[in-house]
Amino acid sequence: MGAPVAINGPIGERAITCSHSQWSTGAAEQSERVRAESMGSMVASVEEIGAAAAPQAVERRLGELRATFESGRTRPLSWRQSQLRGLLRLLADKEEEAFRALHDDLGKHRAEAYRDEVGVLTKSANAALREIGKWAAPEKVWVPLVAFPASAQVVPEPLGVVLIFSCWNFPLGLSLEPLIGAIAAGNAVALKPSELAPATARFLEENIGEYLDATAVKVIQGGPAVGEQLMEHRWDKVLFTGCPRVARVVMAAAVKHLTPVALELGGKCPCIFDAVAGRRNLQTSVNRVIFAKWSSCAGQACIAIDYVLVEERFAPTLIKLLKSTLKRFIADSDQMARIVNGRHFQRLSNLLKDPAVAASILHGGGLDAKNLSIEPTILLNPPLDSAIMTEEIFGPLLPIITVKKIEDSIAFVRARPKPLAVYAFTDSAPLKRRIVEETSSGSVTFNDAVVQFGVDTLPFGGVGQSGFGQYHGKYSFEMFSHKKAVLRRGFLVEAMLRYPPWDEQKIAMMRHLFRYDYVRFIFTFLGLRR
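The notes below deal with the structure included here. Treat the numbers as computed from the prediction; the structure is a model and nothing was measured. (Residues numbered from 1 in each chain as written. Predicted model: local features only at pLDDT ≥ 70, side-chain atom pairs only at ≥ 80, totals over all residues. Heavy atoms only, no water.)

We now examine the sheet that holds strand β6 (residues 237–241). The 6 strands are arranged β5-β4-β3-β6-β7-β17 in an open sheet whose pairing can be described as mixed. Single-partner strands in this sheet number two, and they are β5 (217–219) and β17 (467–468). In this structure, strand β4 (residues 188–192) lies alongside β5, joined through 3 bridges in parallel fashion. Paired with Val189 across the bridge in β5 is Val217. (Pairing = 2+ DSSP bridges. Helix = DSSP H or I, 4+ residues; strand = E, 2+ residues; numbered from the N terminus.)

Structure, rendered in structure tokens:
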């Protein structure tokens, strides 16, 4: 899930890591231990990266993937089902190891790790295993009578050898969610996990080959140099999750082989907060805003709420509830993931150092550079031309922007680049209708946020600058499939009107056929007028 920050090279991940905010006794010592463990992981990862980075090694592994696909090994439904079952066994057998890796990389609590990654993946793999027979079945389509005798089908076929660039903020989920679709579609897959989540990358490399077909699914570790090497080769599809700057580099590299690319980026996802009826509904709405801003990787998510739009008269009520609920939900560092690394911490810190922005802070704002922690922060009406309102925040900072009327929020959203998601808490049917009809985004969710990511029957993806290409559920299968058109005809009927020499009668008959007006066609064929 995308982030607009520093890059380690032309094709690399955002230079961001996560660490706990330190608000409780003993948290500093815990952070030092975690950072030491992460450094050890990084050293091991660097050694692996060095081994993987040799061009010959990369080329050899890609050659094996291509040979496996060309052999037809990945096409049978039985193979695809076996890979999905293997993935489910991996998630079950190695759950604790996955939790440890996500904690080492991002400081995620095991509950957050299960909710946002392991649990979601288990659901997705089970759904794919249950539905894959329907997804892969040829679909009969209508053929006009003029083609009689004929039948037609749309036959899904695997694209071939595909490349998945994952991201660091959900390093397990954003690696395996698209992998589910790719193997369900019958492809051979190269997975490039983020070097900024080294523990999870190592977890994937050590276990994918054990539980899945190692000749058809390969994890290739490395940094920007490896990413560049990978993009020098021909792929049948590339899925990149990351920031727009690196996405442009990926697309430019893909041009050489005319490789189709899907991009999952991000943007500033707005939350329109209307006055909702009833104290219970209001509190539930606030709970869900906090979940969508601070509870998923400390706001380091492309679908996290970036800012809130609310009427001036209702803003004090919303702010009061946000403050009190934050104190209950996130009382200490164990309840929120870490900021990912020093550069990301500095970028977020700089957003708050703008004097006009600093003056707008109503809650939080505490910075702990030693432990890379930033307290959940609420700001009221920071300048609209400040960086915090023009860049994707990707962190635990929440600007609240007031409007005279809640309907004004629609024009506010329309005036900015199309986001990955628009959220709105409202009881108003007319406002819901206007948001759907008058704004453009990857998705719209009413009275909740972020949860659309886990609904397999909805496509996930952006529009415009927030990306293109959609996956999840059947949409993942379709992303990594080619819909091949198959038409079968017999020799019983042959209409000579499509061949020269031409005359007016043939032209007239063609006019009738293209309108499917078979009565007039027959009259013209017989030389009669109707």
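In this section: the pattern of salt bridges. Where charged atoms from two side chains of opposite charge approach closely, those side chains can pair. This structure, assessed with the given rule, holds 22 salt bridges. Close ionic contact of Lys134 with Glu131 constitutes a salt bridge, the shortest N to O distance being 3.7 Å. With Lys134 and Glu131 both in helix α5 (residues 110–136) and 3 residues apart, this pair spans about one turn of that helix. Residue classification places Lys134 among the exposed positions, given a relative accessible area of 62%. In this structure, the salt-bridge partner of Asp448 is Arg288, at a minimum N-O distance of 3.8 Å. Here the residue Asp448 occupies a position in the loop between β16 (444–446) and β17, and Arg288 occupies one in helix α10 (residues 279–295), the gap between them amounting to 160 residues. What you see here is one network of salt bridges that share partners, running through Arg66, Arg234 and Asp236. (Salt bridge = Lys/Arg side-chain N within 4 Å of Asp/Glu carboxyl O. Buried < 20%, exposed > 50% of the residue type's maximum accessible area, 1.4 Å probe, protein only.)

Take the packing of aromatic side chains next. Within this structure, the stated rule accounts for 10 aromatic pairs. Between the aromatic rings of Trp135 and Phe477, the centroid separation amounts to 5.8 Å while the plane-to-plane angle is 45°, which identifies the pairing as tilted. In this pair, Trp135 is assigned in helix α5 and Phe477 in helix α17 (residues 474–479), connecting sequence segments 342 residues apart. Neither residue differs from the other here; Trp135 and Phe477 are each classed as buried. Cluster of aromatic residues (ring-pair linked, three or more members): Phe273, Phe314 and Phe425. The cationic tip of Arg416 hangs over the ring face of Phe412; the distance from NZ or CZ to the ring centre is 3.6 Å. For the cation-ring pair, Lys432 lies above Phe446, with the distance from its terminal atom to the ring centre recorded as 5.9 Å. (Phe/Tyr/Trp six-rings, centres within 6.5 Å; stacked < 30°, edge-to-face > 60°. Lys NZ or Arg CZ within 6 Å of the ring centre and 35° of its normal.)

Residues Leu145, Phe148, Leu492 and Val493 make up a contiguous nonpolar surface patch of about 420 Å² in total accessible area. With respect to the secondary-structure elements, Leu145 resides in the loop between β1 (139–141) and β2 (150–158). Exposure remark for Leu145: the relative accessible area of 55% places this residue in the exposed category. (Patch = residues over 30% accessible without salt bridge, like charges linked within 9 Å, V, L, I, M, F, W, Y side chains within 5 Å. Areas by Shrake-Rupley, 256 points an atom, 1.4 Å probe, with all protein chains shown as cover.)

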